[in-house]
Structure formats: structure tokens, C-alpha cells
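# Breakdown of the fold
Spelled out from the first residue to the last, the chains are:
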Amino acid sequence: MNSVSKQKYVTNKQIERKLVQLRKRDTLPTRLIEELRKRLGDHKLTSAQLNRIIREISAAYDNSLVQPGEAVGAVAAQSIGEPGTQMTLKTFHFAGVAEFSLTLGLPRLIEIVDARRNPSTPTMNVYLDEEHRAKEQHAREVAQGIEQTRVERIAQTVEIDLAEGGIVVELDKDLMENKGVNAELVAEKLDNVRPNLGEVTRDKNRIIVTPELREGEEAMHMAKLQKTFDKVRDALIKGQDGVKRVLIKKEGPELVLYTEGTNLKGVLRTKGVDTTRTISNHIHEIAETLGIEAARQVIINEAKDVLDEQGLDVDIRHIMLVADLMTATGEIRQIGRHGISGEQSSVLARAAFEVTVRHLIQASVIGEEDNLNGITENVIIGQAIPLGTGSIDLFMSPSRRKKK
Amino acid sequence: MSVTQVITADTYDEDGLPISSGLMDPKLGTIEPGQRCKSCGNRVGECPGHFGHIELARPVVHVSFAKLIKKFLKAICRRCARLKLKDESFQKYKDRMDAHWEKFGHLNQEIADEVLKEAGKATTCPHCEAEQYKIKFEKPTTFYEEKMEGSVRLTPTDVRDRLERITPDDSYMMGIDTRVTRSEWMILTVQPVPPVAVRPSITLESGVKSEDDLTHKLVDVIRINQRLRENIEAGAPQLIVEDLWELLQYHVTTYFNNEVSGIPPARHRSGRALRTLAQRLKGKEGRFRSNLSGKRVDFSARTVISPDPNLSINEVGVPSEIARTLTVPERVTEWNIEDMRELVLQGPQGYPGCNYIVRPDGKRIDLRYVKDRKMNADGLAPGYVIERHLRTGDVVLFNRQPSLHRMSIMAHEVKVMPYRTFRLHLVVCPPYNADFDGDEMNLHVPQSEEARAEARILMLVQEQILSPRYGGPIIGGIQDYISSAFLLTRKSSIFNKRQSCQLLASAGYREDLPPPTILKPEPMWTGKQIFSILLPKGLNLSLKARICQKCDVCQKEHCPHDAYVLIRNGQLLAGVIDKKAIGAAQPESVLHRIAKDYGNSEARRFLDSICPLLVVLITNMGFSMGIDDVILTPTAIRQIEQILSDAEKEGSKLVQIYEADELQRLPGRSLEETFEMKMIEILARARDNAGEVASQQLGLDKHAVIMTGTGAKGNALNLAQMAASVGQQAVRGARISRGYRKRTLPHFIKGDLSPQARGFVVSSYRKGLNPIEFFFHAMGGREGLVDTAVRTSTSGYMQRRLINALQDVKVEYDGTVRDSTGEIIQFKYGEDGVDPARSDHGKAVNIDVIIERVLSEER
């Protein structure tokens, strides 16, 4: 028929109409339709071809769907666990040239699935708002506001002066300037430390903290002085508690702060920070400040980054499933006996995993029953497991059929 | 429950007969074949075994419950034995517990713990106002009450007395389900004696009977129990009775758990600690993990594997000896009865034969002991089942440990072969992670039609070509297959008619040759042509080969390195075939497209035809690597020496700067760290530059370079180490620094920081390492070995935990992902419901491929 009439190509409008139709039918994911829209523009198509393409894509999509009963959990676990054998054990890797190190590879992956409360290298990527992201100077201001500055870091000396009966802090001008603080601020902060350290007197860059004598105490105890000394030395003057170091790096057109140590809550409150993009790699911290959905995303991102960095190709769906399982209850659950495995409903499954005896004893006391819904239980009693072809049963009684 | 009381602390008498009311009383069940059980009258297989009991002279604490007993003692009143909770708070907890009961049908330990904790705080009883004392618990089984006048020991009798008086309502709140148990049962007055089947005695070759550890322990219990009873009855002094009571407690405790902290484990005469009940259950070798979660199976075989490139990827070569031992049950029907008779006549020794006949009444005939098989063959009738030998074409499961992913167990078709190893195609090595340096693999024969169907449809090798991990092929060419593919398809390779025919014949191609590319002086075909013949018709695809030099502007099919692979309508028009095109674990490769667009069968056909061809090609051409592959020209060697000595100078300058304290500290690094980092950088650069010189020298005419370039084996670093310089050896990510005081070896002066003194290996492998370099190299190498060993165990444990946490998760019919309790984990799997194994490298649909296909077809 093409030979008779001149070949007619569909217009963009027609394509658009088709795509909108497709979208309304809701059989294909939006992302796929969007991709299709992009690709179709590159070709000249007849209407028949367009229909054919859409038909074939729909068919291919239907073909790619998971089937009911598929053991997606086991496959996800294998897909993440198997490459673990190929990962390096090297803990440290230098992000960039000479900056701080990051835990990567297998140890980090274990940290993620363990949902550790204290990851070995917590870091934040602090993005800046429009005012601060362009100029080095502005970025530095924000950095100074984030980086924790303790007395120790800005003082020449911190000493116990027995003659004064207190702690003498000799502040360093250059260091203070570098950190963006001044002696007044230091004195003020020291005065505000609770519980009270004692009387704070300032003479230019020299600050003396004299602990107060409690009732009944006649002279200053050395032990008490020592305690106060420690407190003065570690007193937080500026920045966010826990943020050990801040680095300014150029990332494309903008400046980004990288931190060693995290304090997301504090940083999000700091002026100049873009709160919509700033993130931490500390899963629990994210869960507390931004909520469980954010924590899920961080688990996914962190795990994916670790695998990508090692050059291991793992489908994102596997990682998503693990993250979803870890966060399904609204709280972060570890993969292991203190989390998901310890909360399994079946006694047999729990006993077969770890701490066998305790689970059995426990079950005997409260009179647990096992409904044999899980995999381990059914393996133990020697039945087909309820997965894949085993999750299908025939509800037909042969004897009844005979009667007919 | 008990069939007999056990009184005698002995097992057998002088004649070797079990003593009645002893630990091996025949009433406890039989373990000897042929014997009938005195209790149930069944024989070995049917008799389940029966418990006996020991009546303890005095009650003792059950160790495993000791902690709970402590909590109970604290929580109940010492006078009225009521739970020390005020009524209102009792009610509050009760409501919660009731709710949980309603929902799950059992008690909640957490609520019970809260109850016990709160009740334990009360200093006076809210019910009878009696004063309460602190309960002290001394591990593992002793309790004290701390009164004003001092601690008073609570004997198990006292404890039991209190626990007995707990009301059912209180029990319920404390987490004791009175339907199944009672709190005073945590104190034992009677000890169960497990059936003999649980603790069989072993007769050694010398005729000496050796008893099980549990029996030994029971002997101890009975003996002490007896002494205790006698002493009590004789009115012995309190002190002696208490000592014996304590001893009884010890034996009962270790009977249950021999690893209780606070007491020494009971030992065998040889000094080995006894393996009692708790030890039998727990751990990797315990009952749960070793016998319940994992079971030994019949119909399996294990032997060494070896390669066979002439098999199909779906096949496995099975030694005839194994084929004669493993059997498949086959039902005799009217249609196969003649064949079955033939098998029976062949018997267990002949092949193909048959090992057993199962008659319709269930009786098995073992053909090994049948003299005249003719009778059995004639007696065969429909309804009989014969267990025939494994035959070529049967489907079996093939497995290599560690079974890290589902491709570690795949179904293969049997091909019975001579000799004694399993044979498999090399292309399936990657999924199994197998090599042939002595690896062994297991084989299992499915015994039912359903199992065979599932194996064939779901587990066959060709069905596993696409990995669920990333939606790409995991099966594909390795090593020489890749080198050979490169040799075949590079521009310079042309073949005359004889060669072409030989190659194509090995691939199983039986049709006409296409028109030759070169006509004179004789007809010649290009390697690309020959490769194209085996490609599926209509395949369209383009990709960049592994040898791609990553030029700034890609010239596509006009690539000077022939690295742009272009396939149009099933013809390889440009580019060489290497790892990127047919390698294992390469997404977006030729193999991937074939498997995805033409199906698994076509992919298998492709591999089955191309692989033998490649083997023949590389065998004919010859492909090897020798030392001349890494020998450089004198100029290049001089150049490399120059680079290395320059680096050395630079290094010593750095040392000077460092020692003069003039080094600029990097932010956040100590001076020493800064120095080390700079040094490492200098040396790494030197090695890379040296390697660069070497690789410029070594061209594609060297086989070693072909291997690294195509991805067949090795990498550029390996080449550089062989040809130029081995480079810096590292331990724990830093230069080697330990050994002697302030120096690595006594050959250096103290504090020497120069490259050579800290493990820099200047020599190449070709040149050879001097003794010092060799030593450093060994240090670095050892670390690598240790690393691998540690990694396997840590990653193995992570995998076990992942599997355990995720194994119950599956997709339901409504498309949701749920765990075994039906809790929803995801509403739609992976947010789009796409199975990664059926996806196209993670994407649901490859739109480009479809568009291209539609357009090319309609043109």
C-alpha cells in the first residue's frame, strides 16, 4: 500500500495523543512512557509502525514482570551477597587526593546491612544555598559555622594554674581568626557551659576559669581542677558537635562542603545550608531527622555507591528490597539476629539461625506455636517450601471427582 | 510419658545384655535390627523410642531457666507468692497481654518482662504487706535472700515451694502459659531419660562398647542421686547431704548444658569436654543447622570435574560408573514394557541396566542378588516400577559449593562418558565459579516427573544465561575463547575454502558457504564472514569492543583499531569480537542481545556452535605466551631504567626535604603521613610511566598483549610488572615499615626511608627480583592471601544473614511483596514490578531495539 500512496509519517501531535492514551490506560510505568516519548522523536514513523512499536513495547513490558511466587527475597540476598566475595577488604580509600578516608567495600556494606549506630566514617555532603554556593569566602563562613571548634583547637596553651586556683587558657589569635571566633565569644561560651564550670574572667586573649568552691570545701582539689581542665579544653565554642572537619570542594559550578563526623540536625539549622539536598551517610541519624523514608533512600544510595565503586553490577531492585525490609516497620531493623532474623515469627526459624537454645527455652515458657509459614520451618519438617512452584496447591479432591 | 524408672547406673551386664531398669533398658526402645521393642512391639524403623525417668532425691534447678527463676523470685511475694503489682497496674498490663493473646494466640515476652521488672522493684508486698528481701543470684544455679542478718541460701526446695504457690492469673502475666507449662516445673524433681535411639552406644572393632556422652552423664546423675538418697535415709549430717545435693545439681546442669559459665565443663576420661544436650543443638554442627536445615540426600554423586569443549552447554558428562549407580524410577507401562524388560535383563552390571524392581505391592527386589534376571524380566507388568540406570538425556541437577547464587545449582542433560570425572562445558564455569585445579562438584538425580519438569523448564543451563543480579548474561566466553574470537574476527584473518569449511564444520554448520570476499588467487573468506554465519538472522547491534582506545572522537565503524563492532542484519560488518561481545558477565553484548531478542535456545545454539569453532581455530593457529612476549628493546629498557632512577632521585630529595623538616603539611594529615603519601605517589607514577613505555613497545603481535587487550586474561598492570617494574609492595595500605627496629631489614641503616628500604621493587618479573625485593614481595603476597581468607568468612556470614532475613520474602498474586507472616514489604516489586532477570540490564524494555526492529522489518 505504501507503493500506491506516498508514505505518510505520523506527526508529533499524533504521537503525543497516543502517548496520553497509553498513560491513561496505566499499563506501562510512567518512566517508560517518558523514555518512549524521547526516542520516538528521533525517527520517522508511519502510523502502522507506531502502533506496532507500542504493541511490542507493551508485550515486552508484560513479559518482563515478576511472576507471583517468585522468591525475590532470596534472589536479592544472593545478588548482594555473592559479589561480597569479590569485594576488597581494604577499609580505606581516599576520596579525592589527600582528604579524609571513607570506609568502603565489604566493611561498609556490612555496616549498612548491620544498621550500625556508630558507623566508622560518618560524613555529610553539605550543599549550600544560592548565596553561599558560589564564592569561596561565603562557603568558608558556612564551613566555620559547621565545623566544631573546641578551646583546644584555638588555644596556644591550656593549663592548670595552681596559683590562680583555676584553668588558664591562652588563646591564639591566628587560630581564632582561622576558625572565625574571637576571645569574647570564647569567654561567653565558657560561661554558658552547663553545669557551671565556675567564674570566667577574660583579659584580652587570656581567659581564666576558676571553679567555685562548694560548701564545706576549703581548698581546691586537684581532682576537681583536673575535671574542670578537661571540660574547658573540650568546650565547644563554635560549630556543630560531632563535625570534626569540614572540607570545601568544587563540584561542578558550585561549592560543596564535605564533613568528617556528622550532626545533621545541627547542620540543617545552620544558615547558608541548602536543607533540601544536604545529606549524611549515617542511617540512624537520617531516620531521626528526616524520617524513615529518607533513611530507606540513604540505605539504597549508600549500598549502591559501595557496589558501584567496586565495579559490581547489581540491580537497584535488589537493594531496594533490602532497604524496604529493613525499614518496613517504621524503624530501622538490622539484618541479623538483633533485627529481622530475631523477630521472625517462627521458633524453628529463629532457633535455626543463631542462639538456638535460648529461643527454644523461651518458646517452651510462653507456649509458642509454629504455623509453618516460612521457609526454614518447612525445610526442617521436610515439606515443599512455600515459594515459587511450591506456593501453588491443587484444591481438588480426586475422590469427589470420581463420584460424579 | 515415662515407660520405666531408671535406677541402675549401669548399661549392660557381663553377657552384654542390657540391664533391666538400667540406662539401656529394652523398654526405652530398640536400636538393634530385628529386635522388637518391649514397650510398643515395633521394630527398629517403626519404634519411636520411649522415655524413662530418674526420680531425684532432692529437687534441682534447670540451668536454662535459672535467670527466669531469679526474675520470678524477685517479682513474687516471699510470703503470699502473689505478683507484687498493685491492682491498677496489674490491670493495665493485663489489658495489653490480653490484646496480644487475642492477636497472636501466645503470650508476649516483652510485656511479661516489663511486669517482672516492675514487680521486682516493690520492697513490700502490696497484697499482704510482708517485707521483701533482695534476691541474689549466683551463677549458674544458686539463689540467696539478703536479709538484715546476712544472706540466706534458698534451696531448690524453697524456690519450688514459692513457685508452686503462684496463681494462674499471675503466671499468665509473668509469661507462663499454664496450658502448656507451670512455673514450678523450672525446678526438676524428676529427670527424663531419653530413649536409647538418642544416645546409641558404639561397638568398637575390638568388641569394646563405648557409650554416648549423654549416657555417661546420666550414669553420673543416677550414681550421685543414689548416694544422696542413701545418705538422706541414713540420716547423714546436713553438710554431707548438702554437698551431695550440690553435686547432683552440677551433674544435672551439665547434662543439659556443658558450657554454662561459672562451672567447669564435665569431661570425658580423655579430658575432652562432653557434648551434652545444648551442645547437640547449637552451632553449625548442631542438630538445627546440620541435620534439620540441611539434610543428606540419596541419588547424588560427587567427583572431580574436568573440561570438555565438545559438550553442549546444557550437558554434563557423567562417568559410566556413576551412571550405573544412580537410578531413575520408571513406571512400567504397556508401551515401554519391552524396553524395561531389556533393562532388567541387563541388570546392575550391564549398561544401560537397572538396579531395583519395585513391585506394585511395594516390595523391592535388589537385582544385585538375583541370579536369574530372566524371571524378573518376564514377571514385569504395567504398574511395576523399575529403578533404571541414569542414561544419556536424563536431566540432573549439578552443583558446586559454595552455592552463593541460584546459578550454583543448574540442571544439565546427562551424557554418559568413559573415565571417572564429571565433564562440563567451559562456558558454564563463571556461574559455578569453577576451574579445573581439582574442583569437585555434586550431581543430584530428580526422582519425580514434577521435579524433572521443573528442572528442565526452570533450571536448565540455558534458562540461567541471564543473571537475575543485573539482567545480563552471566554465561559466556572465557580466556582462550576470547583470544580466539579476536583472532577470528580481526581484519587480517582470512581463510581459504579448506580452512573455512573445517571451521564451520566444527560449528556444526552444514549449509553452503557464502560468496567469498576474495576471489583471486583463490577464494578466501574473512573471519568476520565466518563469524556472521553463526549469528542469528536479522541481528542488529553496535557496541564498543574491549580493545577500544577511547579516542576523543569516535570514528565508529571507521575505527582505526577496528574496535567498533557493528552488526547489521546478522552480518558482522566492522569491529573485532572480544570480551565485550561474547565474554561472560558482559551486559549489552552480542550474547546478551541474542539471549534477550532471540531467546535462550538461540543463545545456547549460538554458544554451542561458536565455541567448538573457536577451539579449532586457536588450536590450528597456535596461541601461547613466552618470555619473549615481555622482552623489550634495549632502548626501552634504558628508558625504563631512566624513569626508575629519576623516581629514586625524586624520592631521595623528598626524604631530604622531610628530614630537614621543610615539608609542607597537607591539611588534616601529619607530617609523616604527608611524606608517605607523596612518596607513594612518586613511586606509583614511576611504575605507571615505566609500564607505559613497556606497553608502547609491546604490540598486538604479542600474544600476551592480545590476552590483556581483549580481556581474555590479565591486565595492563600484570604486563607492566612482567616487562618493566614490579613496583611498590604494600602491607596494610602503606609502604613496608615493620620488621626490625626502625628498619625493615638489617641490610639498611636505621631510619632509612628510601624507596628500596621500604619495599619498592625496581626489577621486573622478567629480570628477576633480588633477595631483598623478593622478601618484600613475599610480604605483600602474604597479606593478599590472608586478606582473601578473611574476606571469604566475613562475606559468607553477611550472605548467611541476608539470606536468613530475606528468604521468606516473595511476590504474591496481588503483586505485593510480603514476608511469611503476610506483612507487606513493597506494594509493587521494585516500584515497577519488573523482574531483573527478565529485564534488559535493569530496564523493563529496550526501546531502541524494538524501534530498530520494527523499522528494519517494514523497510
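All of these numbers come straight from a predicted model, not from anything done at the bench. (Residues numbered from 1 in each chain as written. Chains lettered and ligands numbered in written order. Predicted model: local features only at pLDDT ≥ 70, side-chain atom pairs only at ≥ 80, totals over all residues.)

### Some thoughts on unusual backbone geometry
What is expected of a backbone is that most residues other than glycine have negative phi and most peptide bonds are trans. Residues and elements named next belong to chain B. For clarity, the cut-off: Secondary structure elements are taken from DSSP: a helix is a run of H or I of four residues or more, a strand is a run of E of two residues or more, and numbering for both begins at the N terminus. For the exposure call, what matters is how many other C-beta atoms sit within 10 Å of a residue's own: 20 or more marks it buried, 12 or fewer exposed, and in between partly exposed, using C-beta atoms placed from the backbone.
With an omega of 0°, the peptide bond between Lys139 and Pro140 qualifies as cis. Note that Pro140 resides in the loop between strand E3 (134-138) and strand E4 (142-147). Phi at Ala585 takes a positive value of approximately 55°, unusual for a residue other than glycine. As for its placement among the helices and strands, Ala585 is situated in the loop between helix H18 (579-582) and helix H19 (590-598). A positive phi is found at His841, a non-glycine position, where the angle reads about 50°. In this fold, His841 is placed in the loop between strand E32 (824-826) and helix H26 (847-858). In this structure His841 comes out as partly exposed when scored by C-beta crowding, with 17 C-beta atoms within 10 Å.

### Side note on the sheet that holds strand E14 (residues 385-389) of chain B
All names here are of chain B. Rules: Strands are labelled as partners when DSSP assigns at least two bridges between them. As a rule, the C-alpha atoms of each element are fitted with a line to give its axis, helices using only the stretch in contact, and angles between N-to-C directions run from 0 to 180 degrees.
With respect to topology, four strands assemble into an open sheet ordered E11-E14-E12-E13, the strand pairing being antiparallel. Bordering the open sheet on either side are strand E11 (327-331) and strand E13 (364-366), each of which pairs with just one other strand. Here the strands of the sheet are splayed against their neighbours by 25° on average, with no regard to which way each runs. Note that E11 and E14 share five bridges and pair antiparallel.

### Structural notes on the pairing of strand E5 (residues 150-154) of chain B
All names here are of chain B. Pairing geometry for E4 and E5, over five bridges, is antiparallel. Paired with Lys147 across the two strands is Gly150, which belongs to E5. Following E4, the chain reverses through two residues before pairing antiparallel with E5.

### Overview of the domain arrangement of chain B
Keep this limit in mind: Where each domain starts and ends comes from a domain assignment, either automatic or drawn from a database.
What the domain assignment lists for chain B is domain 1 (63-187), domain 2 (199-296), domain 3 (300-473), domain 4 (480-619), domain 5 (627-786) and domain 6 (808-859). The centre of domain 1 of chain B, based on its C-alpha atoms, is set 79 Å off from the matching centre of domain 4 of chain B.

### Some remarks on the sheet that holds strand E12 (residues 279-280) of chain A
Residues and elements named next belong to chain A. Going by this rule: Each residue is represented by a C-beta atom placed from its backbone, and any two residues with such atoms within 7 Å are regarded as in contact.
What the four strands build is an open sheet, ordered E10-E11-E3-E12; its pairing is antiparallel. In the strand order of this sheet, the two ends are held by strand E10 (245-251) and E12, each with one partner. Here E10 runs beside strand E11 (residues 254-260); their pairing, made up of seven bridges, is antiparallel. Across the sheet, Lys250 pairs through a bridge with Leu255, a residue of E11. Contacts from helix H7 (residues 136-146) reach strand E3 (123-127), E10 and E11 within the one sheet, and its direction differs from that of E11 by about 20°.

### Some words on the confidence of the model for chain B
Put simply, the rule reads: The predictor reports its confidence for every residue as pLDDT, a score running from 0 up to 100.
Mean pLDDT over chain B stands at 88; residues scoring 70 or higher make up 99%. Both scores are available for the predicted complex, with the pTM at 0.88 and the ipTM at 0.88.

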